[in-house]
Each structure stands twice: as C-alpha cells, then as structure tokens.
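Read off the chains here:
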Amino acid sequence: MRTLTLRGGARVAVVAAEWRGAFGVVTRGRVQLELRDGEPGPVLGRDAGFWLRGTGVRALRNPGRRTATVRIVTPRDKTVTYQTTHPVRQLMEERHEQHE
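Residues numbered from 1 in each chain as written. Predicted model: local features only at pLDDT ≥ 70, side-chain atom pairs only at ≥ 80, totals over all residues. Heavy atoms only, no water.

K.L.:
Teacher, can you tell me more about the sheet that holds strand 5 (residues 40-44) here?
P.N.:
Within a sheet, adjacent strands bond to each other through the backbone by hydrogen bonds, running parallel or antiparallel. Read across the open sheet, the 4 strands follow the order 2-7-4-5; overall the sheet is antiparallel. Taken across any chain shown, the strands that pair with only one partner, and hence form the sheet edges, are strand 2 (11-13) and strand 5. This sheet shows a mean twist of 25° between the axes of neighbouring strands, independent of strand direction. Both strand 4 (residues 31-35) and strand 7 (residues 57-61) contribute to a ladder of 4 bridges, which runs antiparallel. Within the sheet, the bridge partner assigned to Gln 32 lies in strand 7 and is Arg 61. (Pairing = 2+ DSSP bridges. Helix = DSSP H or I, 4+ residues; strand = E, 2+ residues; numbered from the N terminus. Axes fitted to C-alpha atoms, helices over the stretch in contact; angles between N-to-C directions.)

K.L.:
Can you help me understand the pairing of strand 3 (residues 23-28) in this one?
P.N.:
Every other side chain in a regular strand lies on the same face of the sheet, so the side chains alternate between the two faces. Burial analysis of strand 3 places 5 of its 6 residues in the buried class, which makes it a mostly covered element. Across 3 bridges, strand 3 lies against strand 6 (residues 49-51) in antiparallel orientation. The partner of Gly 24 across the bridge, within strand 6, is Phe 50. (Buried < 20%, exposed > 50% of the residue type's maximum accessible area, 1.4 Å probe, protein only.)

K.L.:
Even after reading the chapter, I still don't get the sheet that holds strand 1 (residues 2-6), so can you show me in this structure?
P.N.:
Pairing within the open sheet is antiparallel, and its 4 strands lie in the order 1-8-3-6. Of all strands in the sheet, those bounded by a partner on one side alone are strand 1 and strand 6. The sheet shows a mean angle of 30° between the axes of neighbouring strands, direction not considered. As paired strands, strand 1 and strand 8 (residues 68-73) are joined by 5 bridges and run antiparallel to one another. Bridge pairing links Thr 3 to Arg 71 in strand 8.

The structure is reproduced here in structure tokens:
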C-alpha cells in the first residue's frame, strides 16, 4: 500500500501504468477527479473508494486548502499479516474499525 499526499490546490497526473488495477480510498480531505477532456469531475470525500481503470480520469486534484491523502492498494502490494487478507479488504476493515 502507498499513500498519495496532495497539498491544497495540488494536482497529480494519472499515469495509467502506475494505476493499473489500483484501488484508492480518500483517507483525509477531498479529492476531485479531473476528466479526460480537462473538465472537473466528481469530488470525493473521506472514505470514498474509487477505481481509475477505464474511467478516463487524467488527474487527481485537491480542491481544498488542507492536505488530502489517498491510500492506494495495487495487486502488487504484499500485506504482511498473520492472516491471509486481501489488501483491499484489509484497508476496508481498518477504516471500519476506526469508525467504531
């Protein structure tokens, strides 16, 4: 798993090869998806999960002033636990536990 940090107003291009099979979860702040034609897409808030494959999203942008973070899970990630838990499921369970 890796964490993408976007300072207020920051924008990061989506490189298809880096996002192949990746699942992202906004863990702090808000992230706006920038569409292929440069138009602004939906704004995702905390705990929103998303796939980018096949969506035509060309960038992620932080529309706010505060730092936003996105946890990214890819099929290549290796999770070291005593259980055999899929990384996406583990991330979802961690987020659920934080809200209890």
